[in-house]
Amino acid sequence: MPLEPFKHSEPLTMGVELELQIVNPYDLDLTPGADDLLALLRCAPFPGSVTPEMTQSMIEIATGVHTRHEELLAQLRAVRDTLVAAADRLNVELAGGGTHPFQRWFEQRIFDKPRFQQLSGLYGYLAKQFTVFGQHVHIGCRSADEALFLLHALNRYVPHFIALSASSPFFQGVDTLFDSARLNAVFAFPLSGRAPFVLRWDDFEQGYFRKMEATGVVKSMKDFYWDIRPKPEYGTIELRVCDTPLTVERAAALAAYLQALCRHLLEGGDPAPEEDDYLVYTYNRFQACRFGLDGTMVHPRTREALSIREDILTTVRRLAPHAQALGSEAALADIEQVAATLGNHASHLRAVHARTGNIQGVVRAAADAWRHGVLC
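The text that follows walks through the structure, step by step, so that each part is easy to find. All values derive from a computational prediction rather than experimental measurement. Residue positions are counted from 1 within each chain, in the order its sequence is given. Totals for whole chains, interfaces and linings use every residue, but because this is a predicted model, local features are given only for residues with pLDDT of at least 70 and side-chain atom pairs only at 80 or more, for both listing and counting. The side-chain figures draw on all heavy atoms in the structure; neither hydrogens nor water molecules are used.

Turning our eyes to something else, we now look at the pairing of strand β10 (residues 228-231). Here's how the labels work: a residue is buried when its accessible area is under 20% of the maximum for its type, exposed when over 50%, partly exposed in between, all with a 1.4 Å probe on protein chains only. What counts as a helix is a DSSP run of H or I of at least four residues, what counts as a strand is a run of E of at least two, and both are numbered from the N terminus. Alternating positions in β10 separate into two faces, I228 and P230 on one and R229 and K231 on the other, with burial throughout. Whether two strands pair depends on DSSP finding at least two bridges between them. Taking the residues between adjacent antiparallel strands as the criterion, β10 and strand β11 (residues 236-243) are bridged by four residues, where G235 takes a positive phi near 70 degrees.

This part covers the packing of helix α6 (residues 158-165) against helix α9 (residues 248-266). Here an axis means a line fitted to C-alpha atoms, over the contact stretch when the element is a helix, while the angle between two N-to-C directions is reported on a 0 to 180 degree scale. Closest axis-to-axis distance for the α6/α9 pair is 11 Å, and the angle between their directions is 170 degrees. Here α6 is positioned roughly antiparallel relative to α9, judged by the angle of their axes. Here H160, F161, L164 and S165 of α6 come into contact with α9, specifically with R250, L254, Y257, L258 and L261. Note that Gly is not counted as nonpolar here; it falls among the polar residues with everything else outside the nonpolar set of Ala, Val, Leu, Ile, Met, Phe, Trp, Tyr, Cys and Pro and the charged set of Asp, Glu, Lys and Arg. Here the contact of α6 with α9 is built from residues that sort into six nonpolar, two polar and one charged. Any angle from 65 to 115 degrees is called roughly perpendicular, while one under 35 is roughly parallel, one over 145 is roughly antiparallel, and all others are oblique. Should any heavy atoms of two residues lie within 4.5 Å, those residues are counted as being in contact.

Attention now moves to helix α2 (residues 69-89). Between its first and last C-alpha atoms α2 spans 31 Å; for 21 residues at 1.5 Å apiece the expected length is 30 Å, and the two agree. If you check which residues of α2 are buried, you get H69, L72, L73, Q75, L76, V79, R80, L83, V84, A86 and A87. At the C-terminal side of α2, N91 shows a positive phi close to 60 degrees. By this rule, a helix spans an expected 1.5 Å times one less than how many residues it contains.

Of all the five residues making up strand β3 (residues 58-62), five are buried; the element is thus mostly covered by neighbouring parts of the structure. Here β3 shows two buried faces, one formed by M58, E60 and A62 and the other by I59 and I61. In the sheet, strand β1 (residues 14-23) pairs with β3 via five bridges, with the strands oriented antiparallel. Its bridge partner lying in β3, L18 is registered against I61. When strand β2 (residues 49-52) meets β3, the two strands line up antiparallel, connected through four bridges. Counterpart to V50 in the pairing with β3 is I61. Taken together, β2 and the strand that follows it, β3, pair antiparallel across an intervening segment of five residues.

Moving on: unusual backbone geometry. Located in the positive-phi region is N91, a residue other than glycine, with phi close to 60 degrees. Within the secondary structure, N91 sits in the loop between α2 and β4 (93-95). You can call N91 partly exposed: its relative accessible area is 42%. Even without a glycine there, the phi angle at L177 is positive, about 70 degrees. Among the secondary structure elements, L177 is positioned in the loop between β7 (174-175) and α7 (182-187).

Where helix α10 (residues 281-291) is concerned, the buried positions are Y281, N284, R285, Q287, A288 and C289. Along its buried surface, α10 packs onto α6, α7, β12 (296-298) and α11 (308-318). G292 sits one or two positions beyond α10 and adopts a positive phi of about 60 degrees.

On to the environment of A147, then. You can see A147 is positioned in helix α5 (residues 144-153). Residue classification places A147 among the buried residues on the basis of a relative accessible area of 0%. If we skip the residues at most four places from it in the chain, A147 touches F6, C141 and I237.

Attention shifts here to the packing of aromatic side chains. A pair of Phe, Tyr and Trp rings is counted when the ring centres sit within 6.5 Å of each other, with Trp represented by its six-membered ring. The angle between the planes then sorts it: under 30 degrees is stacked, over 60 is edge-to-face, the rest tilted. All chains considered together, the criterion is met by 11 aromatic pairs. Measuring from ring centre to ring centre gives 5.9 Å for F178 and F286, while their planes differ by 80 degrees; the resulting arrangement is edge-to-face. Linking F178 in the loop between β7 and α7 with F286 in helix α10, this pair joins segments that are 108 residues apart in sequence. Each ring, one from F224 and one from W226, has its centre 4.2 Å from the other, and the planes form 25 degrees; the classification is stacked. A relative accessible area of 0% means that F224 is categorised as buried. Residue classification places W226 among the buried positions, given a relative accessible area of 2%. Feature note: the residues F6, W201, F204, Y208, F209, F224 and W226 constitute an aromatic cluster, connected by ring pairs. In this analysis the charged atom, NZ for Lys or CZ for Arg, is taken to sit over a ring once it is within 6 Å of the ring centre and within 35 degrees of the ring normal. For the cation-ring pair, R194 lies above Y278, with the distance from its terminal atom to the ring centre recorded as 3.8 Å. Cation over ring: R285 sits above F187, and NZ or CZ is 3.8 Å from the ring centre.

What follows is the structure in structure tokens.
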């Protein structure tokens, strides 16, 4: 298949996708309720879109296209409230979080959709282990070349989004010691990680995509599981490193942070990206997954070791004029508070586990946070 033409998009528009857990309210394990939930949601207007995901115990929701944080948050809240009401009718619950703390991967059922069945046949047990839950953020780009510029210019900020969104400390019943264990599952797939360093779309299409297509390894952009990838059919770049937060409020704040950062980069706020920026990429990514906000990253240009927490706080201050122009001051204030005092959702879930003494209590807290929009 030829690579789709890159669709024109309004620059700095944004949209959010969230993968959600479907939970049995009695034992708080995952439950295969996607078919029933999707059928019920088709019967009435839905303030967004909802689709199946790899296994029957998960769904994905998506917003429309927005320019302002407050509009995005309003839609996410409407989607959440509609989902909660539908789940209550089916006697199931929904939750955020990048992993379910104690589900057993081998009990999961692949959703009956041709692409998911094909992926299951190709990847074997990895497909069921991919019952993990992420937030994807799309940012509109005026051209394909602009998309590739932003994709690579954002490379040094990827640890920010991992650390701020991390909500998957528990997996298979144990504390993994990672703030984001989810990304370890993603890394198991071929064609994950970083995109190749190409800054012109013609070079990407002719020099990379067509060569990869000729190998038979890929058929479309969907076969790439990169941390950030271009989405030509939407005219966007898609950031894919975030765990699904416990609340839609945190999800909207993360999207607005990315939007302001992209405005900063497009206005020449940082030096142009280079291939050597990626020398420290995997190390920085690991630090953010393992230690979250307490991790250390290496600046790709100065080679200086930086606190991820302090680098976020410095960046938020630099983005103040962009937040004001975009109307996202409240979102960046939330991001600043997370980095400075509140901590990420992984730290909250660990605190719940320490307080309750059982892993089921962690799921209970995640479901309550999704329903009410506040951490309990």
